[in-house]
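Single-letter residue listing:
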Amino acid sequence: MAVLLFSAEQQQKFDSGLVEILSHYPADRKSAAMLPALRLLQSLKGWLPPAGLEQVAERLGTTREKAYEVATFYVMFFTRQPGKYVLDVCTNLSCSLRGAEKVLAALEQKLGLKAGSANDRFTLRETECLASCGTGPCLQVNEDHHESLTPAKLDALVATFT
Amino acid sequence: MIEVEKVITKNWGRPGSNTLDGYRSTGGYRALEKALAQAPAQVTEEVKRSNLRGRGGAGFPTGMKWGFVPKDNPKPVYLAVNADESEPGTFKDRYILENDPHLLLEGIAITCYALNCHQAYIYSRGEFKGPSATLDRAIAEAYAAGIFGKQLMGKPFALDVYQVRGAGAYICGEETALLESLEGKKGWPRLKPPFPAVVGLFGAPTVVNNVETLANVPAILDRGAAWYAGLGTEKSGGTRLICLSGSVNRPGVYECSMKTTLKELIFEPTLGGGMPPGRQVKAVIPGGSSAPVLSADELDVAMEFEALKAKNTMAGSGGVIVMDDATCLVRSLWRVARFYAEESCGQCTPCREGTPWQTRILRKIEEGRGEAGDLELLLHVASTIAPFPPIGLGNTICALGDAAALPVHSFVSKFKLEFQSHIAQRKCPFGDAPWGHFGGFA
């Protein structure tokens, strides 16, 4: 038996969210809503499961292949389930000058995994400039921004992970 | 140092500056009223006379861009607001969205009126969760107050303003890639011409303007083009937001006169506040990481389009990154090169293949495995993507190729000895310990 993609409540959120999104696009350009639609799906499921991509494609009047093409182009979309906490550490020049390499090394040690790898709890990635160069080093945890990091701040952040 | 009246940052730090009430308490939306009392063509004319130039990187005259929209076209006109701020070293648009979102929204409203545009899309970068939420609240306030919606502040002019969040792709800051992404596709830049003003979003005329650019529009309508033009230089009106980062005591966003020099920016106590103790400037990137680097003896230059162009570099997006004398420039350039390799969209061969090669060669040199001929090879690869000088010779559809090659050309030519000593010593003379001799992790 197929597992349902959404609970009834999720399905309702998906449906009404999609109606709102599509109200901002020309009626004959539904497929343009791909990014907001995928974001909506990911907000409900935590990632973009194949059945979800199919449903998005169908609702936007486009193909599964088109949905996959978009989903795999952008680094914030996950076509595989990521860890519970996705940590994106900026290691671009400005942040590196202010210690981003130390942040990354500390996280690798504290979380017990290498940058670029993942387990059920954590996905640890080096990311590119987060437009927070004056308040580096910085990182994002599940899209929440943390800046002007110090070892104490990093410890406090890691302590919040369950 | 030249003091200048604040245009963009005047409300920053004021309580409630990101709310409609706060914005209105300092005269907000007065400029829109003034604009609506004029004919749309007059508004465009005013912006042309103001000498406002695009703040996203290219510095193109804004009024002229608006003027490219065909007059008698049967299709709708779109405004695409570029809030996909991703150029390394640049973080001004984030501050505008967080501190004064209605300034942008008023600029959008005036611009849409001038262009007879009824649909504006704000494309903000996916990583801007906080700023995007602030902006969405401001949009909702503007709807509730009758500023947007079926009427534009009481005038029969429908305007929908909608924020679309990106999902992590630097390339979508390139205007045609942004349009592709707004159309729900991967961000592959389009060949130009046709330019977006003629064939843009959904095949219709589209103006693409940066956040800071549009945030300047209300002041132009409120105070007049002559006043605005007078703030700047002969060819470039207004002030500039400068984003200062790297090896400097007071990193941050500063609203500066176009005549402020890089040296003043770094050393003035009210601006950068000088270098960390015991450190000297070695190199400065003046306009986002794409801009060719300057050496310490080239800092007596005004941070505006023409002056930096004369130095074979660019004002770009206003991102100034300072590197000090304890900073390895091979590693610095490797960091920059890696970014472009990561963010190349993969459409054009020279960029897709060349950017990882640049990165690999630089890493090899930094790790002490460099050999004779590596620098020549590196420069050859960079030239294959985009020869230099001058700026703009790239062999790719969009300017990402140029952006990836320019730092390589400029770092290697200006600091050749440092690159050569890495190869000769077969190690990095600065050591391989993690960076960060100042800042929170020092």
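Please read these numbers as outputs of a predicted model, since none were measured by experiment.

Focus on the interface of chain B and chain A
Interface size is often expressed as the accessible area that is lost when the parts come together. Contact residues are listed per partner, giving 68 residues for chain B and 49 residues for chain A. Both sides of the chain B and chain A interface together cover about 4700 Å² of buried area, and 57% of this is carbon and sulfur. Measuring nitrogen to oxygen at the nearest pair gives 2.7 Å for the salt bridge that ties Arg338 of chain B to Glu126 of chain A. Taken together, chain B and chain A are joined by 27 residue pairs in polar contact (both at pLDDT 80 or more). Elements with a minimum of two residues in the side of chain B that touches chain A: helix 5 (92–99), strand 2 (119–124), strand 3 (160–165), helix 8 (175–182), strand 5 (240–246), strand 9 (319–324) and helix 14 (329–343) of chain B. For the side of chain B that touches chain A, the class distribution of residues is 32 nonpolar, 20 polar and 16 charged.

Topic: the domain arrangement of chain A
Here chain A is described as being made up of domain 1 (8–73) and domain 2 (85–159). Measuring from the centre of the C-alpha atoms in domain 1 of chain A to the corresponding centre in domain 2 of chain A gives 30 Å.

Quick look at the environment of Leu333 of chain B
One can find Leu333 of chain B in helix 14. Separated by 75 residues in sequence, Leu333 of chain B and Val408 of chain B have C-alpha atoms that sit 6.9 Å apart.

A closer look at the pattern of salt bridges
Tallied over the full model, the rule gives 42 salt bridges over all chains. When salt bridges with common partners are traced through the structure, they connect Glu101 and Glu126 of chain A together with Arg331, Arg335, Arg338 and Glu366 of chain B into a single cluster.

Observations concerning the side chain of Asn209 of chain B
Within the secondary structure, Asn209 of chain B sits in strand 4 (residues 206–210). Look past the residues within four positions of Asn209 of chain B in its chain and what remains in contact with it is Thr62, Lys65, Trp66, Leu79, Ala80, Val81, Asn82, Thr111 and Leu214 of chain B.

Describing the sheet that holds strand 1 (residues 78–83) of chain B
Residues and elements named next belong to chain B. Ordered in space as 3-2-1-4, the 4 strands form an open sheet in which the pairing is parallel. The sheet is open, and its two borders are formed by strand 3 and strand 4, each paired with just one other strand. Averaged over all adjacent pairs, the angle separating strand axes in this sheet is 20°, with direction ignored. Looking at chain direction, strand 1 and strand 2 are connected through 6 bridges and run parallel. Looking at strand 2, one finds that Asn82 is bridged to Tyr123.

Considering the state of the cysteines
With the rule as written, the count across this model stands at 0 disulfides over all chains. The cysteine Cys348 of chain B is free of any disulfide, with Cys345 of chain B supplying the nearest cysteine sulfur at 6.3 Å.

Observations regarding the domain arrangement of chain B
Residue and element names in this part refer to chain B. In terms of domains, chain B is made up of domain 1 (20–230), domain 2 (239–324) and domain 3 (329–425). A separation of 22 Å is found between the C-alpha centroids of domain 2 and domain 3. Contact residues are listed per partner, giving 14 residues for domain 2 and 16 residues for domain 3. Both faces considered, domain 2 and domain 3 share a buried interface measuring about 1200 Å² in area, 67% of it formed by carbon and sulfur atoms. Viewed at the interface, domain 3 and domain 2 are joined by 2 salt bridges. A salt bridge links Lys414 to Glu298, with the shortest nitrogen-to-oxygen separation between them at 3.1 Å. Of all the secondary structure elements, the ones that give two or more residues to the side of domain 2 that touches domain 3 are strand 7 (281–285) and strand 8 (294–295).

With respect to helix 2 (residues 34–45) of chain A
Look at helix 2 of chain A: 16 Å from first C-alpha to last across 12 residues, which is about the 16 Å you get at 1.5 Å a residue. Most of helix 2 of chain A sits out of view: 10 of its 12 residues are buried. Against helix 1 (8–22), helix 3 (50–59) and helix 4 (64–73) of chain A together with strand 2, strand 3 and helix 8 of chain B lie the buried residues of helix 2 of chain A. Positive phi appears at Gly46 of chain A, one or two residues downstream of helix 2 of chain A, with a value of about 85°.

Some words on a nonpolar patch on the surface
All names here are of chain B. A contiguous nonpolar surface patch, about 270 Å² in accessible area, is contributed by Phe60, Met64 and Phe68. Relative to the assigned elements, Phe68 resides in the loop between helix 4 (62–67) and strand 1. Residue Phe68 is classed as partly exposed on the basis of its relative accessible area of 41%.

Examining the confidence of the model for chain B
In the predicted model, chain B carries a mean pLDDT of 97, and 100% of its residues have values of at least 70. Predicted complex, confidence summary: ipTM 0.97, pTM 0.97.

Examining the packing of helix 14 of chain B against helix 15 (residues 349–366) of chain B
Residue and element names in this part refer to chain B. Interaxial distance between helix 14 and helix 15 falls to 8 Å at its minimum, and their mutual angle equals 155°. Looking at the two axes, helix 14 sits roughly antiparallel to helix 15. When you trace helix 14 past helix 15, the crossing you get is left-handed. On helix 15, the residues touching Val330, Arg331, Leu333, Trp334, Ala337, Arg338, Tyr340 and Ala341 of helix 14 are Thr355, Pro356, Thr359, Leu362, Arg363, Ile365 and Glu366. By residue class, the composition of the contact of helix 14 with helix 15 is 9 nonpolar, 2 polar and 4 charged.

What to know about the environment of Ser132 of chain B
Residues and elements named next belong to chain B. Checked against the element boundaries, Ser132 lands in helix 7 (residues 129–144). With 10 residues separating them along the chain, Ser132 and Ile122 place their C-alpha atoms 9.9 Å apart. With residues up to four places along the chain from it excluded, the contact list for Ser132 reads Ser124, Arg125, Gln163 and Arg165.

Thoughts on the packing of aromatic side chains
All names here are of chain B. Within the structure shown, the criterion is met by 20 aromatic pairs over all chains. Ring geometry for Tyr23 against Tyr29: centres 5.2 Å apart, planes inclined by 85°, an arrangement best described as edge-to-face. On the basis of relative accessible area, Tyr23 is assigned to the buried category, the value being 3%. Using a relative accessible area of 1% as the deciding quantity, one classes Tyr29 as buried. The lysine or arginine in question, Arg125, covers the ring of Phe128, its NZ or CZ lying 5.8 Å from the ring centre. In this arrangement the basic side chain of Lys186 is found over the ring face of Trp188, its NZ or CZ atom lying 3.8 Å from the centre.

Thresholds applied
Residues numbered from 1 in each chain as written. Chains lettered and ligands numbered in written order. Predicted model: local features only at pLDDT ≥ 70, side-chain atom pairs only at ≥ 80, totals over all residues. Heavy atoms only, no water. Contact = heavy atoms within 4.5 Å. Buried area = accessible area lost by both parts, 1.4 Å probe. Salt bridge = Lys/Arg side-chain N within 4 Å of Asp/Glu carboxyl O. Polar contact = N/O pair within 3.5 Å; in protein donor to acceptor, adjacent residues only side chain to side chain. Helix = DSSP H or I, 4+ residues; strand = E, 2+ residues; numbered from the N terminus. Nonpolar A, V, L, I, M, F, W, Y, C, P; charged D, E, K, R; others polar. Domains from an automatic or database assignment. Pairing = 2+ DSSP bridges. Axes fitted to C-alpha atoms, helices over the stretch in contact; angles between N-to-C directions. Disulfide = S-S within 2.5 Å. Expected span 1.5 Å × (residues − 1). Buried < 20%, exposed > 50% of the residue type's maximum accessible area, 1.4 Å probe, protein only. Patch = residues over 30% accessible without salt bridge, like charges linked within 9 Å, V, L, I, M, F, W, Y side chains within 5 Å. Areas by Shrake-Rupley, 256 points an atom, 1.4 Å probe, with all protein chains shown as cover. pLDDT = per-residue confidence, 0-100. Parallel < 35°, antiparallel > 145°, perpendicular 65-115°, else oblique. Left-handed = near helix turned anticlockwise from the far one by under 90°. Phe/Tyr/Trp six-rings, centres within 6.5 Å; stacked < 30°, edge-to-face > 60°. Lys NZ or Arg CZ within 6 Å of the ring centre and 35° of its normal.

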